[in-house]
Amino acid sequence: MASRPLGSRLRHAWNAFLNRDPPGKIYIGGGYSNRPDRVRLNRTNDRTIMTAINTRIAMDAAAITINHVRLDENGRYDETVDSGLNSCLNLSGNKDQTGRALRYDMFLSMLDEGCIALVPIDVDYDGKTGKTRIESMRVGRVLEWYPDDVRLEVYNDRTGRKEEITLPKTRVALVENPFYAVMNEPNGTVQRLIRKLNLMDVIDEQVGSGKLDLIIQLPYVVKGEIRKKQAEERRAQIEQQLAGSKYGIAYTDGTEHITQLNRSLENNLLKTVEYLTNMAYSQLGITPEIMNGTASDAVMTNYENRTIEPIVAAAVDEIRRKFLTEDDRANRESVMYFRDPFKLTPVSAVAEMADKFTRNEIMTSNEFRQAIGMKPSKDPKADELRNANISQSSEEIAAQNKTITAGRDAVERSIANQNG
């Protein structure tokens, strides 16, 4: 193979350190040590188990694919539409986030805030067709509600800061947490659990603060000013002994009694936390096995249907309602979510499922090969929706032979035309 000329190689060469585009770009004020557009959870959540629960739910919800699709005349999925909305949800949400990262940001913020806004940032308008194409999207926090507008806090990737903007409700997708009454209401189960956990943290800090919390019983009545002064001097002496001792040892008189108060007291706080934790798990459809990854297929299926599906459906319904016009819906366009049914299937059941799906003409061989991560076969029969265990009828064999003969004749005519 002939090599390219030197001038062509120089024109196409590029080096990340030598060729700066644009050259000499200077950011006034410096940058950030941490990513500025990262999700920041509320202070009431970031120190409790709700951070782990919200992260688990958001990761599982983001694993479900959301596509901009076109339906057939019966309202069934026909094909995926190559649009800006579909690109934002699957390929690149914006210059900082992939499509999956945008979905994770949306679900995690929704669980934390209770209601969030999915805001189109860069929108391209085509004057010829009159259609708009969404180029990038961001997740915004709702600050204020108005009759027709909402005030949002959205990250501006041009300035590198979060800014407040007011947009019409028709231009943004307002996604509300379907578990709002459980997770975000001030008197909900999760908020009560968070308050109890914060109270336990305060008690733990007090216990581990180094204070002894002693009560010294002196052998005389402390009522007059002289006795109070003597008691203060005695307390200061014991403090000096403890502070100046290597092992924190002090001595007292035989007539003095010391009572220490920082022993663990019997209360119902720990039992209340355990009760609220179990209640939160049951109301959210989560079990400890889901959190540690040892849940069975039945438990995971129940979790997917009771917890993940309502959250994803809330987002998809709002995206379909706000980002698809009447003309789009008239053209049978929609937004749908797809869950991989083979993700939780054990390897031992894959062969049996493949036989049942192909034998009952639900999936072709190549469709099932793609579902389990294998390359499609080049055999044309692998794309046919037929039961390979049933012999072909005489009519099918005749039709197949007719098709083969017609194809062979077409090839022969093409060769004859080229030679003649």
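Note: the structure precedes this text.
This text gives an overview of the structure that appears in the document. Nothing here was measured: the structure is a model prediction, and the numbers come from that model.

## Looking at the overall build of the protein chain
Then, number 1: Scanning the protein chain for helices and strands turns up 14 helices and 10 strands.
Then, number 2: The buried share of the protein chain, reckoned over its 420 residues, is 29%.
Then, number 3: In the protein chain, the share of contacts with a sequence separation of at least 24, taken over all contacts with a separation of at least 6, comes to 58%.
Then, number 4: In the form shown here, the protein chain has an accessible surface area of approximately 28,100 Å², with 51% of it arising from carbon and sulfur atoms.

## Considerations on the nonpolar core
Then, number 1: Counting residues in hydrophobic clusters, the biggest one holds 51 residues, and the most contacted among them are L85, F107 and L118.
Then, number 2: Considering each element in turn, this core owes the most residues, 9 residues, to helix α10 (residues 297-323).
Then, number 3: Discounting residues that sit within four places of it in the chain, F107 has contacts with A58, A61, A62, I66, I311, V312 and A315.
Then, number 4: By size, the runner-up hydrophobic cluster in this structure holds 9 residues, among which are V142, V150, V154 and L167.

## Description of the packing of aromatic side chains
Two numbers describe a pair of aromatic rings. These are the distance of the centres and the angle of the planes.
Then, number 1: In total, this model carries 2 aromatic pairs according to the counting rule given.
Then, number 2: When the centroid spacing of 5.1 Å and the interplanar angle of 65 degrees are considered together, the rings of Y77 and F338 count as edge-to-face. One end of the pair, Y77, is in strand β2 (residues 77-80); the other, F338, is in strand β10 (residues 333-338), with 261 residues separating them in the sequence.
Then, number 3: Judged by its relative accessible area of 28%, F338 falls in the partly exposed class.
Then, number 4: Ring centres of F357 and F368 lie 6.2 Å apart, and the angle between their planes is 50 degrees; this geometry places the pair in the tilted category. One end of the pair, F357, is in helix α12 (residues 350-359); the other, F368, is in helix α13 (residues 365-371), with 11 residues separating them in the sequence.
Then, number 5: Look at F368 and you get buried, because its relative accessible area is 5%.

## Brief notes about a nonpolar patch on the surface
Then, number 1: Taken together, the side chains of L199, V202 and I203 make up a nonpolar region of the molecular surface, amounting to roughly 210 Å² of accessible area.
Then, number 2: One can find I203 in helix α6 (residues 189-207).
Then, number 3: Classification of I203 as partly exposed rests on a relative accessible area of 33%.

## So, helix α7 (residues 225-244)
One turn of an α-helix holds 3.6 residues; hence residues three or four places apart share an orientation.
Then, number 1: With 20 residues, α7 ought to run about 28 Å at 1.5 Å a step, and its terminal C-alpha atoms sit 28 Å apart, in line with that.
Then, number 2: Buried within α7 we find A231, R234, I238 and Q241. Relative to the axis of α7, the buried residues are bounded by an arc of 85 degrees and lie together on one face. What points out from α7, more than 90 degrees from its buried face, is the exposed set E225, I226, K229, Q240, A243 and G244.
Then, number 3: In this fold, the buried residues of α7 make contact with β8 (214-217).

## A closer look at the pattern of salt bridges
Then, number 1: By the definition in use, this model includes 23 salt bridges.
Then, number 2: Across the pair R133 and E135 runs a salt bridge, and its minimum N-O distance is 3.6 Å.
Then, number 3: On the basis of relative accessible area, R133 is assigned to the partly exposed category, the value being 35%.
Then, number 4: By relative accessible area, E135 is classed as partly exposed at 39%.
Then, number 5: Of the charged contacts, one joins R235 and E232 as a salt bridge, the two residues approaching to 2.5 Å between their closest N and O atoms.

## Details of the sheet that holds β10
Then, number 1: If you trace the 3 strands from one edge of the open sheet to the other, you get β2-β1-β10, paired in antiparallel fashion. Among the strands making up the open sheet, the edge pair consists of β2 and β10. Neighbouring strand axes in the sheet, compared pairwise and without regard to direction, differ in orientation by 50 degrees on average.
Then, number 2: Where strand β1 (residues 65-71) lies against β10, 6 bridges are found, and the strand directions are antiparallel. Of the residues in β10, the one forming a bridge with V69 is S334.
Then, number 3: Lying on the sheet, α10 is in contact with β1 and β10; it crosses β10 at an angle near 165 degrees.

Conventions adopted
- Residues numbered from 1 in each chain as written.
- Predicted model: local features only at pLDDT ≥ 70, side-chain atom pairs only at ≥ 80, totals over all residues.
- Heavy atoms only, no water.
- Helix = DSSP H or I, 4+ residues; strand = E, 2+ residues; numbered from the N terminus.
- Buried < 20%, exposed > 50% of the residue type's maximum accessible area, 1.4 Å probe, protein only.
- Contact = heavy atoms within 4.5 Å.
- Areas by Shrake-Rupley, 256 points an atom, 1.4 Å probe, with all protein chains shown as cover.
- Core = buried A, V, L, I, M, F, W, Y, C linked by side-chain atoms within 4.5 Å.
- Phe/Tyr/Trp six-rings, centres within 6.5 Å; stacked < 30°, edge-to-face > 60°.
- Patch = residues over 30% accessible without salt bridge, like charges linked within 9 Å, V, L, I, M, F, W, Y side chains within 5 Å.
- Salt bridge = Lys/Arg side-chain N within 4 Å of Asp/Glu carboxyl O.
- Expected span 1.5 Å × (residues − 1).
- Arc of directions from axis to C-beta.
- Pairing = 2+ DSSP bridges.
- Axes fitted to C-alpha atoms, helices over the stretch in contact; angles between N-to-C directions.

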